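Here's the letter readout for the chains.
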Amino acid sequence: MRKMRCYPHVYLLCTVFTFFSLLYMYSQLASTLEDRDQRSGGGRISGRSSHDAGHTLRKRPGVLGLRDREWGQNSEKLSSATKAPKNDRSHLAVVACGARLEETLTMLKSAILFSRKPVHIHIFAEDDLHYGFRNAMEMWPVAIRTKFTFHIYPIMFPEENASEWKKLFKPCASQRLFLPLILKQVDSLLYVDTDILFLRPVEDIWGLLSQFNVSQLAAMAPEHEEPRIGWYNRFARHPYYGKTGVNSGVMLMNMTRIREKFFKNDMTAVMLQWGEILKPLLQKYKLNITWGDQDLLNIIFHHNPESLYVFSCQWNYRPDHCIYGSNCQQAEEEGVFILHGNRGVYHNDKQPAFRAVYEAIKQYSFGEDMESSLLQPLEAALQATAHSYCGRSSHLFTKRLRESIRLV
C-alpha cells in the first residue's frame, strides 16, 4: 500500500519537471529569434545616412531649465511629431511671433507649391497664433495637404533667463538656437525666417546636406559678397565668421552632429557642447551684439570654421544683393533660388520688386494654373519696378521660378 501511494507523487513530480523543461526550451528559442531580429534590424538603422531626418532615435537631454509644466504638457506631442516616417521627407522649421501669421503662411505656401517630395513642417509660435496656423493650413485643398505634415509648438526658452532670450533682437528669433535641443529626435533640419520665399523646391536645398564633409554640421550663406559694403567687417564688436560674416535667415543643420560636437570658444579652455555654450556666450557678448542670435552663431563659427558649410548667395538672396548693383554672381548665372525679404521689404515700398514676388505668391489660389495665374502676373508686376535698383535685376527672380513651375 505504501508503494502504491508513492506513484501519484512520482507522477506529479515528473509532470512538473516536464512543464518547466518545456518552458525553458521555449524561452531559449524565443531569445534566439529576438537576437537574430535585432541584429538584422540594427544593421538597417546603422546604414542610414547621417542627414536622413528624424530616423535615429537618440536619448538626449532637452533644454536645461525649460519650464517643467510646459515641457511636460508637450513632451508627448514632441515625441510623436518628430518621428519622420520616410527617408525622402525634408524637415522645415520656422519661428513666428507677433504679427507674422500671414507672412509665415505665405512662406509655407511657397515651400509647398514647388516641392515634389513630402515636407514635415515644425512651427514654433506664440500661443495666440496656433489657431490661425492650424485653421489656415487645414483649409488648404486636399491635394496640397497630401504634400506635407505639420506640428505646432509653443515658444520654449530656458527658464532662468527666458525673457532675455525672447527679447534678443526680434521677438522669439533666438528660438532657433534651441531647436537641436528641443527637436532631439530630428536628425537634420532646414530653418528659415518668416520672410523667406522659396522659388525652388525645398528638397533642392535639403540635398546640400549630402555635400557636407565629416566635420561640417551647418550651412549658411555669407552676409555680404562685397566687403566694401559689409556690416560685420566694418562695424562688428565681436568675432564673426570669415571675411564678411554669415546670414542665418536660411540655415541648414545636421542637428545630430550639433548635439554631439564639443565647440571651441573664447570663454574657457574646455570645449563645450551646444547646450552648454549658449548661455555663457550670451552673458559675455550681450552688450556687443546687434543682430542677436545671428551674431552668436557668427561667434561660434568664428571659433569653429571647419564646422560650417557655406552655400552661395542665390540660396539667401536679399536686397543687399541688388541695391548697390548686382553683386550675387551665382544668381546672375542661375537665378534666385530663395528670396529673403528682410527689413520688412514685403510690406513697404522700399523694394517694390521684392514686394511684387510676395504679393504674387500670397494672392495665388491653390489649384489654378501657375503659369497663367502666378508667373505671368508676376512678370507684369516686375516690369513696373524697373525704376528701382532691385527692379533692374528682377529677371533673376523669375529665372528659376519658371523652371520650378514647369517641373511641378
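Residues numbered from 1 in each chain as written. Predicted model: local features only at pLDDT ≥ 70, side-chain atom pairs only at ≥ 80, totals over all residues. Heavy atoms only, no water.

A closer look at the nonpolar core
Item 1. Counting 72 residues, the largest nonpolar core has Leu190, Phe198, Tyr317, Leu339 and Phe397 as its most contacted members.
Item 2. With residues up to four places along the chain from it excluded, the contact list for leucine 339 reads Asp195, Ile196, Leu197, Leu199, Tyr317, Tyr346, Phe354, Val357 and Phe397.
Item 3. Counting 45 residues, the second-largest nonpolar core is a separate cluster that includes Met251, Met253, Leu272 and Tyr285. (Core = buried A, V, L, I, M, F, W, Y, C linked by side-chain atoms within 4.5 Å. Buried < 20%, exposed > 50% of the residue type's maximum accessible area, 1.4 Å probe, protein only. Contact = heavy atoms within 4.5 Å.)

Describing the packing of aromatic side chains
Item 1. Summed over all chains, the structure comprises 17 aromatic pairs.
Item 2. Between tryptophan 231 and phenylalanine 235, the aromatic rings sit 5.9 Å apart at their centres with planes inclined by 55°, giving tilted as the arrangement.
Item 3. Judged by its relative accessible area of 45%, phenylalanine 235 falls in the partly exposed class.
Item 4. Grouped by ring-pair contacts, the aromatic residues Trp231, Tyr232, Phe235, Tyr240 and Trp291 constitute a single cluster.
Item 5. Geometry around phenylalanine 337 places arginine 200 over its ring, the cationic atom sitting 4.3 Å from the centre.
Item 6. Geometry around phenylalanine 263 places lysine 261 over its ring, the cationic atom sitting 5.7 Å from the centre. (Phe/Tyr/Trp six-rings, centres within 6.5 Å; stacked < 30°, edge-to-face > 60°. Lys NZ or Arg CZ within 6 Å of the ring centre and 35° of its normal.)

Considering the state of the cysteines
Item 1. All told, the structure shown has three disulfides when counted by the stated rule.
Item 2. The partner cysteine of cysteine 313 in its disulfide is cysteine 328, sulfur to sulfur 2.0 Å. Between cysteine 313 and cysteine 328, the S-S torsion sits near 100°, and that sign places the bridge as right-handed. Of this pair, cysteine 313 sits in the loop between strand S8 (308–310) and helix H13 (329–334) while cysteine 328 sits in the loop between S8 and H13; the two residues are 15 residues apart in sequence, bridging distant segments of the chain.
Item 3. Residue cysteine 328 is classed as buried on the basis of its relative accessible area, which comes to 1%.
Item 4. Linked covalently through their sulfurs, cysteine 322 and cysteine 390 form a disulfide whose S-S length is 2.0 Å. Negative torsions about the S-S bond denote left-handed disulfides, and the value of about 85° found for cysteine 322 with cysteine 390 makes this one right-handed. Linking cysteine 322 in the loop between S8 and H13 with cysteine 390 in the loop between helix H15 (370–383) and helix H16 (395–407), this pair joins segments that are 68 residues apart in sequence.
Item 5. In this structure cysteine 322 comes out as buried when scored by relative accessible area, which is 1%.
Item 6. Since its relative accessible area comes to 0%, cysteine 390 is described here as buried. (Disulfide = S-S within 2.5 Å. Helix = DSSP H or I, 4+ residues; strand = E, 2+ residues; numbered from the N terminus.)

Here's the deal with the layout of surface pockets
Item 1. Put simply, the largest pocket is a space of about 660 Å³.
Item 2. For the largest pocket, the lining is made up of 32 residues, of which Phe169, Lys170, Asp193, Trp291 and Asn342 are closest to its centre.
Item 3. Contributions of two or more residues to the lining of the largest pocket are made by strand S1 (90–96), strand S7 (246–254) and helix H12 (293–303).
Item 4. If you tally residues by element for the lining of the largest pocket, the top one is S7, at three residues. (1 Å grid on protein atoms, 1.4 Å probe; cavity = no way out; pocket = protein on both sides within 12 Å on 5 of 7 lines; lining within 4 Å. Points joined across faces, edges and corners; volume = space filled by probe spheres on them.)

What about the pairing of strand S6 (residues 218–222)?
Item 1. Of all five residues in S6, five are buried; the element is thus mostly enclosed.
Item 2. One ladder, built from four bridges, connects S6 with S7; its direction is antiparallel. Residue proline 222 lies in a different strand from S7, and its bridge partner there is valine 246.
Item 3. Two elements, S6 and S8, share three bridges in a ladder whose sense is parallel. Among the inter-strand pairings, methionine 220 is bridged to a residue of S8, identified as valine 310. (Pairing = 2+ DSSP bridges.)

A closer look at the sheet that holds strand S4 (residues 188–192)
Item 1. Ordered by their spatial adjacency, seven strands build an open sheet running S3-S2-S1-S4-S7-S6-S8, and the pairing between neighbours is mixed. Looking at the sheet topology across the chains shown, the edges are occupied by strand S3 (148–153) and S8. Across the sheet, the axes of successive neighbouring strands diverge by a mean angle of 25°, strand direction being ignored.
Item 2. In the packing of helix H4 (residues 130–138) onto the sheet, contacts are made with S1, strand S2 (119–125) and S3, and the angle to S3 comes to roughly 170°.
Item 3. This element, H12, spans S6, S7 and S8 of the sheet and lies at about 65° to S7. (Axes fitted to C-alpha atoms, helices over the stretch in contact; angles between N-to-C directions.)

Some thoughts on the packing of helix H3 (residues 101–114) against helix H14 (residues 352–363)
Angle between the axes and distance between the axes: these two values describe a pair of packed helices.
Item 1. Axis separation between H3 and H14 bottoms out at 9 Å; the angle between their running directions is 80°. Taken as axis vectors, H3 and H14 run roughly perpendicular relative to one another. Contact with H3, carried on its side by Glu102, Glu103, Thr106, Lys109 and Ser110, involves Tyr358, Ile361, Lys362 and Gln363 of H14 and no other residues of that element.
Item 2. Partitioning the contact of H3 with H14 into residue classes produces two nonpolar, three polar and four charged. (Parallel < 35°, antiparallel > 145°, perpendicular 65-115°, else oblique. Nonpolar A, V, L, I, M, F, W, Y, C, P; charged D, E, K, R; others polar.)

Describing the confidence of the model for the protein chain
Item 1. Per-chain confidence: the protein chain averages 84 in pLDDT, with 79% of residues scoring 70 or above.
Item 2. Predicted confidence for residues 1–6 stays below pLDDT 50, and this span has zero contacts to residues more than four positions away or in other chains.
Item 3. Predicted confidence is poor over residues 28–86, with pLDDT under 50, and the contacts of this stretch with residues over four places away or in other chains come to 90 contacts. (pLDDT = per-residue confidence, 0-100.)

Description of H14
Item 1. Taking 1.5 Å of rise per residue, 12 residues should cover 16 Å, and H14 covers 16 Å from first to last C-alpha, within 8% of that figure.
Item 2. Looking at H14, one finds that the buried residues are Ala353, Phe354, Ala356, Val357, Tyr358, Glu359, Ala360 and Ile361.
Item 3. Where the residues of H14 are buried, they touch H3, strand S5 (196–198), strand S9 (338–340), H15 and H16. (Expected span 1.5 Å × (residues − 1).)

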